[in-house]
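Chains, contacts and geometry: an overview
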Amino acid sequence: MPIHFEEGALVAVLTTQPLDRTLDYRAPAGGVRQGAFVEVPLGPRRVLGTVWGPGEGGFDPSKIRAVHRVLDLPPMRPEMQTFLTQVADYTLSPLPAVLRLATRVPGLGDAPGARKVYQLAEAEPDRWTDARRRVVETMKEYGNLGFAPGELASLSGVSSSVLKGLEAQGVLMRIDLPRDAPFPRLDPAAPARDLSEDQARAARILREAVRSRRYGTTLLKGVTGSGKTEVYLEAVAAALEQGRQALVLLPEIALTVEFLDRVERRFGARPVEWHSGVTQAERRRAWKAVASGEAQLVVGARSALFLPFTDPGLIIVDEEHDGSYKQEDGVLYSARDMAVLRASLSRGQVVLASATPSLESWTNARAGKYARLDLTERFGTASLPDMQAIDMRAETLETGRWISEPLAAEVGRRIADGEQALLFINRRGFAPLTICRACGHQVGCTDCDARMVEHRFQRRLMCHQCGATAPIPETCPSCGVAGRLAAIGPGVERLAEEASGLFPDARIAVLSSDLAMSARAMKQRIDQIAGGEADLIVGTQLVAKGHNFPLLTLVGVIDADLGLQGGDLRAAEKTYQLIRQVAGRAGRADKPGQALIQTHQPDHPVIRAILSNDDEAFFTAEAAMREAAATPPFGRMAGVVVSGTDLPQVTAVARELARRAPLLSGVGATLFGPAPAPVARIRGRHRMRLLVKAPRGTRLQPALQTWRAGLKLGGTLRVTIDIDPQSFY
Ligand SMILES: Nc1ncnc2c1ncn2[C@@H]1O[C@H](COP(=O)(O)OP(=O)(O)OP(=O)(O)O)[C@@H](O)[C@H]1O
Ligand SMILES: [Zn+2]
């Protein structure tokens, strides 16, 4: 039970400021509850905080100030406090940084009431400028939602005077939007679709698990197109029937938008949405609805896990193997793993859904830690695609060409038959490398040890590490010779160019995550394609995830070997997942699908596993290899990056950490490194890597805590520790 503190009592307040402890304040008039959100004075400012517990003492009593104001919000629940504390402990992050994840909503403390926002009115402007067009396009893109002036200005990249001009001309109008309007109710009793026998069985088991009101995790492994969504929506129904809240995490915003429609079809209303494409006003409304218990179902990105649920009975992690569930900056957490923690604290159920689970989840299911449900067939009459390799060693392709003859022939045939084909390459941009044919210079980023990637649509070079862009140079930046710069290697844009040369009459759609599109615009584009407005899709991994293209019958994987290179311990697993998933886009309706996989290593065990359709054999073999090497999930790992602008200082800290290795060997952990990171400089910061390996079951975090304690980190120096790292660049 949360404690109530009488006026004047000392309370410990956790703020979102980067301090390494809570601060003591006096409870204000009327007292304050544990968990209450408050505004407290800190120096000359007032900052947001949460009453964490009784005051800790140790401050000069005469200097202790009072809580300025208690916000009109439901207090944080003790269970949420525990969750945040455990996330901080697990990820070795400061608690204030984790609290920030849970309070990332502007205007949380503002009083309710009406707010002035802009919407589109009827009139046309007297003349169109680029800026004006951007404003109107932004409004349309977001479905004329209503934006606070500042937000609209920044989203469309214009100044407020542009908005005022448009308002004066009647293009925009200001309206009073009631704050925090209630969300429509979802009806769990609304009729479900008829489920297949397999689906019905899985749904029944999940419903029972939810009704148990106990913690449990289930791996729902279903082949692509088996209808996993329909099954887990039944678990959602069970949670809603009990009056508990449900959360569905999805790896991709465009999928979130699509999912809203499916929920509306099933439950008669849309769920609460939470991701980076949601406007500030909507975020605030969503946060409060979740905190009050009004929100029944939330669909969102990984950060939705930190919403203030009152009673989370069910968390679904869809495409649970997806890399986007790991947050790679700030608090380095895995939303999949933290979902399990969150549910275990609230006696909730977790469903991890995937056609190609992570080895971690597969192993947990094998060990009996997770339950497992399998859907082995596609829904309805659809069958799984036929998978074939194209041996590229036997193909003769001109330089600068990537689509083999047999693949091109198949694509041509599909297009002629009025079907769709998809060409997949997991590389954004036009070409990964620009080289000078005169001197051999490779054009790189000025701030990173990375090559600049040509993006021909935007006519720019872009650094995929820091996002910096530059015009495509005419002359070599190194030797100054003109006209000898050449693009080397394929990217999705170049593939599209080759395809339009091969199929001049085909309507080609390029889908890549760096098309600057809002989630809604992307969803619209995908709907158009699904509706037949393209003959050929050329895409990156964006298209691999969860989309339904009923007319699509052929998937061509341009370079299956791409992911197998490099030292990533999950290279095989990731390649397997990605190719199986993208192949799974083919033949999801009546017509049978086919996947053609271009490879130089058709006998590689991973490629053979992909072709054989035998998941269990692949996972068993992969698990055996990891177990032998004692790598995750059979051993523990932490990735360590020391970075800073001054290389000698970075090296000195890395060496100091190496000297302290005995502090780690004490708990059985081994330290490797330091070595320059594979990307040795990003945004002007030099980077050295170390790697900690330990046997499974090692209590690694306390040892790491001691190991890094007391390092002198002046200036720009930083040490980040990544528990269970997914990336090693
Ligand atoms: N019981 C059902 N009744 C009608 N349609 C269904 C049913 N189950 C699945 N479908 C349809 O089958 C298609 C595939 O379902 P869904 O998207 O849930 O599959 P999935 O298992 O998530 O696939 P993937 O892993 O490839 O994303 C969808 O178009 C869905 O509407
Ligand atoms: Zn860069």
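Residues numbered from 1 in each chain as written. Chains lettered and ligands numbered in written order. Predicted model: local features only at pLDDT ≥ 70, side-chain atom pairs only at ≥ 80, totals over all residues.

**As for the overall build of the chain**
Going by this rule: Starting at the N terminus, helices and strands are each numbered in turn, a helix being any DSSP run of H or I of at least four residues and a strand any DSSP run of E of at least two. What the globule rule says is 2.2 Å times the number of residues to the power 0.38, and the radius of gyration is computed from C-alpha atoms. We call two residues in contact when the distance between their C-beta atoms, placed using the backbone, is within 7 Å.
Tallying secondary structure elements over the chain gives 20 helices and 31 strands in all. A compact globule built from 729 residues would reach a C-alpha radius of gyration of about 27 Å, and the chain, at 27 Å, matches this within 12%. Expressed along its principal axes, the backbone C-alpha trace of the chain runs to roughly 85 × 65 × 60 Å. Long-range pairs, those at least 24 residues apart, make up 75% of the contacts in the chain with a sequence separation of at least 6.

**Topic: the domain arrangement of the chain**
Quick reminder of the rule: Those domain boundaries reflect an automatic or database domain assignment.
Per the domain assignment, the segments making up the chain are domain 1 (4-102), domain 2 (115-178), domain 3 (197-375), domain 4 (386-427 + 490-623) and domain 5 (635-723). The gap between the C-alpha centroids of domain 1 and domain 2 is 39 Å.

**Some remarks on the site of ligand 1**
Here is the rule we go by: For each residue, a C-beta position is placed from the backbone atoms; the residue is near a molecule or strand when that point lies within 6 Å of it. By the convention adopted, Pro, Cys, Tyr, Trp, Phe, Met, Ile, Leu, Val and Ala count as nonpolar, Lys, Arg, Asp and Glu as charged, and the other residues, Gly among them, as polar.
Inspection of the region around ligand 1 gives 18 residues, with Thr224, Gly227, Lys228, Thr229 and Phe379 positioned closest. The dominant element in the shell around ligand 1, judged by the number of residues it contributes, is helix 7 (residues 228-241), at three residues. Taken together, the residues of the shell around ligand 1 sort by class into three nonpolar, 11 polar and four charged. Residues from two domains meet in the shell around ligand 1; each of domain 3 (197-375) and domain 4 (386-427 + 490-623) gives at least three.

**Describing the UniProt feature "domain: Helicase ATP-binding" (unreviewed entry) in the chain**
Let me state the cut-off plainly: UniProt positions are given in the numbering used here, feature names are shortened, and annotations may be inferred rather than shown by experiment.
The sites that UniProt annotates as "domain: Helicase ATP-binding" (unreviewed entry) are residues 209-375. Taken end to end, residues 209-375 comprises 38% helix and 22% strand; its first and last C-alpha atoms sit 18 Å apart.

**Structural notes on the sheet that holds strand 24 (residues 508-511)**
In plain terms, the rule: For two strands to count as paired, DSSP must find a minimum of two bridges between them. Only the stretch in contact is used when fitting a helix axis, every axis being a line fitted to C-alpha atoms; angles between N-to-C directions are given from 0 to 180 degrees.
Reading across from one edge, 17-27-26-18-25-24 is the order of the six strands in this open sheet, with parallel pairing throughout. One side of each edge strand has no neighbouring strand; the edge strands of this open sheet are strand 17 (386-391) and strand 24. Geometrically, the sheet is characterised by an average inter-axis angle of 20 degrees between neighbouring strands, direction not taken into account. With four bridges joining them, strand 24 and strand 25 (residues 536-539) adopt parallel strand pairing. Among the inter-strand pairings, Val510 is bridged to a residue of strand 25, identified as Val538.

**A look at the packing of helix 1 (residues 78-91) against helix 2 (residues 95-102)**
Our working definition: Any angle that is under 35 degrees is reported as roughly parallel, and any over 145 degrees as roughly antiparallel; angles of 65 to 115 degrees are reported as roughly perpendicular and all others as oblique. Here is the rule for handedness: rotate from the far helix to the near one, and if that takes an anticlockwise turn smaller than a right angle the crossing is left-handed, while a clockwise turn gives right-handed.
At a minimum axis distance of 9 Å, the contact between helix 1 and helix 2 shows a crossing angle of 130 degrees. Between helix 1 and helix 2, the crossing angle belongs to the class labelled oblique. Every pair of crossing elements has a handedness; the one defined by helix 1 and helix 2 is right-handed. Contacts between helix 1 and helix 2 pair Leu84, Thr85, Val87 and Ala88 from the former with Leu95, Val98, Leu99 and Ala102 from the latter. Looking at the contact of helix 1 with helix 2 residue by residue, the class counts come to seven nonpolar, one polar and no charged.

**Quick look at the pairing of strand 2 (residues 10-15)**
With four bridges joining them, strand 2 and strand 3 (residues 23-26) adopt antiparallel strand pairing. From the neighbouring strand, Ala12 faces strand 3, where its bridge partner is Asp24. Across five bridges, the pairing between strand 2 and strand 6 (residues 45-54) is antiparallel. Looking at strand 6, one finds that Ala12 is bridged to Gly53.

**Notes on the UniProt feature "binding site: Zn(2+) 2" (unreviewed entry) in the chain**
For clarity, the threshold we go by: Neighbour counting defines burial: a residue surrounded by 20 or more other C-beta atoms within 10 Å of its own C-beta is buried, one with 12 or fewer is exposed, and intermediate counts give partly exposed, using backbone-placed C-beta atoms.
UniProt annotation of "binding site: Zn(2+) 2" (unreviewed entry) refers to Cys445, Cys448, Cys463 and Cys466 when read in the numbering used here. These annotated residues cover 22 residues of sequence, and their C-alpha atoms lie no more than 8.7 Å from one another, placing them together at a single site. The exposure class assigned to Cys445 is buried, which follows from the 24 C-beta atoms found within 10 Å. If near-sequence neighbours (up to four positions away) are discounted, Cys445 is found in contact with Ala450, Met452, Cys463, Gln465, Cys466 and Ala468. The topology assignment puts Cys466 in the loop between strand 21 (460-463) and strand 22 (469-471). Classification of Cys466 by C-beta neighbours within 10 Å gives partly exposed; the count is 17. Not counting residues within four places of it along the chain, the set of residues in contact with Cys466 comprises Cys445, Asp447, Cys448, Ile682 and Arg683.

**Quick look at the sheet that holds strand 20 (residues 452-455)**
Spatial strand order, 20-21-22: three strands in an open sheet with antiparallel pairing. Edge positions in the sheet fall to strand 20 and strand 22, since each has one partner strand and no second. Strand-to-strand twist of the sheet, defined as the mean angle between neighbouring strand axes without regard to direction, takes the value 30 degrees. With three bridges joining them, strand 21 and strand 22 adopt antiparallel strand pairing. In the strand pairing of strand 22, Met462 is matched with Thr469.

**Some thoughts on helix 1**
Selection rule: Each residue after the first adds 1.5 Å to the expected span of a helix.
If you check helix 1, its first and last C-alpha atoms are 20 Å apart, about what 14 residues at 1.5 Å a residue would give, namely 20 Å. Taken residue by residue, helix 1 has Met80, Gln81, Phe83, Leu84, Val87, Tyr90 and Thr91 as its buried positions. Buried residues belonging to helix 1 abut strand 6, helix 2, helix 10 (335-345), helix 20 (700-708) and strand 31 (718-723). Positive phi appears at Leu92, one or two residues downstream of helix 1, with a value of about 55 degrees.

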